[in-house]
Amino acid sequence: MTILLSTLNARYTHASLGLRYLLANMGALQAQTSIHEFVIGAKTTDLVERLLAPQPRIIGFGVYIWNVEETTRVVAMLKRVAPHVTVILGGPEVSYESAGQEIVKLADYVVTGWGDVTFPKLCGEILDGPRPLMKVHAGVQPPMAEIALPYSLYSTEDIAHRTLYVEASRGCPFKCEFCLSSLDKTAWPFPLESFLAQMEALYARGARLFKFVDRTFNLNVKTSLRIMQFFLDKLEAAPNDPVYAHFELVPDHLPDALKESIAKFPPGALQFEIGIQSFNPEVQALVSRRQDNAKAADNIRWLCEQSQTHLHVDLIAGLPGEDVASFARGFDQLVGLGAQEIQFGILKRLRGTPIIRHTEPFGMVYDPYPPYTVLATDRIDFATMQRLVRFARYWDLVANSGRFANTTRALLRDAPFDNFMAFSDWIYTRLDSTHRIALEKLAKLVQEWLVVRGMAHAEAAALVASDYAGKVDTQGHKPAAVAGVAAAPARQVRHLAA
């Protein structure tokens, strides 16, 4: 095989959409090109051995924030044991601020931005000459209709066992300074008919879980309605063989026509990811985020109360100008709106994003190593930021996991942020860790905390047992759930299983 396309995914269930786009657009070189995907955490020597086994002349790596450190080790070893192999890098982590990056120094070439046209062209020049002299090649953005869609390259195994990433558009018209999409001028749609034909082909092959990576799925409502109708038609035709779709929505743009379509979806078929990030208007203005907070809140409330959609709503701690009290108000507001999942993230300073302009004025201190998480600001010191990091982790384990739905309400009561922060601080003193926590141990500690806060032991035991399916020390009270079956929402079980 002449050309290998490779990346280290965060987990096996993630199938790389970017590599499949490259393969689909290789033209005359496609027959000489193959994809070799790996998962982070593998032994470097094993990866290099497997990469070199087909005796490639070119290896192209997709480099992202989650894999850059391990990919750097792979490239370093490749250049030692097989210096004759040409290494090309692409992906967001090497598309900006590449000067000085160790992985860029090691590689032969870098393609920044869009690689659909530029990567095949570069490979052809390397193989047939004249060999390019420049190391960095800016990706050329072709008309959307000229990009070959990659969905036929999902294998039977991908369809059976992995999340299928799809996109009806690229880019974003908004300028949120913490996001790489802020560098886009607009959003560019793919031709709708050809895209839907590809979705039809995937469905016919057995695909039932579709995760859209569009930044602004509901920007063009006519297109959104067509795509959602595609899934409604599948659900109506085969209600016992349901399809599941995930979309990222603009929170303050939900016209009545879209609401009518959303309301038709049954439970477990639709998930929306909504990026609120902050409810503080001053913070939003600082990071160039345009958002009608009242409309966004009304839409989230409507989705929770009038639809069967599962909501995954994002907040970011550590934004410039936001202190803990401001963040807590936004968190409490989201809890009150009823979102099933609140993704509590910590700001990351992604390469190339305009957020860097706030570094000095707001005392932003970032980890110099991926994922470049903010460590402190002029409003939140390092120790407090670490408390927020732990809060986020325990929130995922207890609230977002779906395993403690009834118990979470008792934990939060009338002051969600403050009460969960108190729990987070307490449980950390007991565990001194945020990872590798056995579920049974976690359930026991949740129960113990409820007692510490004044709940009767029997009541706390019964409450936790109503959620948790494992064995908890209930002093004679048996768990209400069936042993061995996690009390997670059906949507979550299906999503995790996929």
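Residues numbered from 1 in each chain as written. Predicted model: local features only at pLDDT ≥ 70, side-chain atom pairs only at ≥ 80, totals over all residues. Heavy atoms only, no water.

Undergrad: A description of the overall build of the protein should follow, citing residues and the corresponding values.
TA: Looking only at helices and strands, the protein features 19 helices and 16 strands. Taking 498 residues into account, the globule formula puts the C-alpha radius of gyration at 23 Å, and the protein, at 24 Å, falls close to it. C-alpha extents for the protein along the principal axes are approximately 80 × 55 × 45 Å. Expressed as a percentage of its 498 residues, the buried residues of the protein come to 54%. For the protein, contacts bridging at least 24 residues in sequence account for 71% of all contacts bridging at least 6. (Helix = DSSP H or I, 4+ residues; strand = E, 2+ residues; numbered from the N terminus. Rg over C-alpha atoms; globule rule 2.2 N^0.38 Å. Buried < 20%, exposed > 50% of the residue type's maximum accessible area, 1.4 Å probe, protein only. Contact = heavy atoms within 4.5 Å.)

Undergrad: Account for the confidence of the model for the protein, with residues named and values stated.
TA: The pLDDT averaged across the protein works out to 92; a share of 94% of its residues lies at or above 70. Low confidence marks residues 471–498, where pLDDT is under 50. Its contacts with residues over four positions away, or in another chain, come to 57 contacts. (pLDDT = per-residue confidence, 0-100.)

Undergrad: Please give an account of helix α15 (residues 405–412) that cites residues and values.
TA: Among the residues of α15, Thr407, Thr408, Leu411 and Leu412 are the ones counted as buried. Taken around the axis of α15, the buried residues stretch over an arc of 130°, which confines them to a single face. At its buried positions, α15 is contacted by α13 (324–337), α14 (382–400), α16 (416–431), α17 (439–452) and α18 (457–467). Looking one or two residues past α15, Arg413 carries a phi angle of roughly 50°, positive in sign. (Arc of directions from axis to C-beta.)

Undergrad: Can you tell me about the packing of aromatic side chains, naming the residues and giving the values?
TA: For the structure on display, the rule yields 29 aromatic pairs. With a centroid separation of 6.2 Å and an interplanar angle of 70°, the aromatic rings of Phe231 and Phe247 are classed as edge-to-face. Of this pair, Phe231 sits in helix α9 (residues 221–237) while Phe247 sits in strand β11 (residues 244–249), and the two are 16 residues apart along the sequence. Exposure remark for Phe231: the relative accessible area of 1% places this residue in the buried category. You can call Phe247 buried: its relative accessible area is 0%. Counting every residue linked through ring pairs, the aromatic cluster contains Tyr151, Tyr154, Phe195, Phe210, Phe212, Phe217, Phe230, Phe231, Phe247 and Phe272. Residue placement shows Arg170 over the ring face of Tyr21; its charged tip is 4.4 Å from the ring centre. The aromatic ring of Trp114 is capped on one face by Arg170, whose charged end is 4.7 Å from the ring centroid. (Phe/Tyr/Trp six-rings, centres within 6.5 Å; stacked < 30°, edge-to-face > 60°. Lys NZ or Arg CZ within 6 Å of the ring centre and 35° of its normal.)

Undergrad: Which residues make up the environment of Val63, and what are the values?
TA: Considering the arrangement of structural elements, one finds Val63 in the loop between β3 (58–62) and α3 (68–81). Residue Val63 is classed as buried on the basis of its relative accessible area of 0%. With 54 residues separating them along the chain, Val63 and Asn9 place their C-alpha atoms 9.7 Å apart. In contact with Val63, not counting residues within four places along its chain, are Val68, Thr71, Leu89, Gly90, Gly91, Pro92, Glu93, Val94 and Ile103.

Undergrad: How would you sum up the packing of helix α12 (residues 293–306) against α13? Please name residues and give values.
TA: Interhelical geometry of α12 versus α13 gives an angle of 35° and a closest axis separation of 9 Å. Listed contacts from α13 to Ala297, Ile300, Arg301 and Cys304 of α12 are Gln333, Leu334 and Leu337. Of the residues assigned to the contact of α12 with α13, the class counts are 5 nonpolar, 1 polar and 1 charged. (Axes fitted to C-alpha atoms, helices over the stretch in contact; angles between N-to-C directions. Nonpolar A, V, L, I, M, F, W, Y, C, P; charged D, E, K, R; others polar.)

Undergrad: Lay out helix α8 (residues 192–204) in plain terms, naming residues and giving numbers.
TA: For α8, spanning 13 residues, the distance from its first C-alpha to its last is 18 Å, which sits close to the expected 18 Å at 1.5 Å a residue. All of the buried residues in α8 are Leu192, Phe195, Leu196, Met199, Leu202 and Tyr203. Each buried residue of α8 lies within a common arc of 115° when the element is viewed along its axis, so the set occupies one face. Opposite the buried face of α8, at more than 90 degrees from it, the exposed residues are Glu193 and Ala204. Once α8 ends, the next one or two residues include Gly206, with phi positive near 110°. (Expected span 1.5 Å × (residues − 1).)

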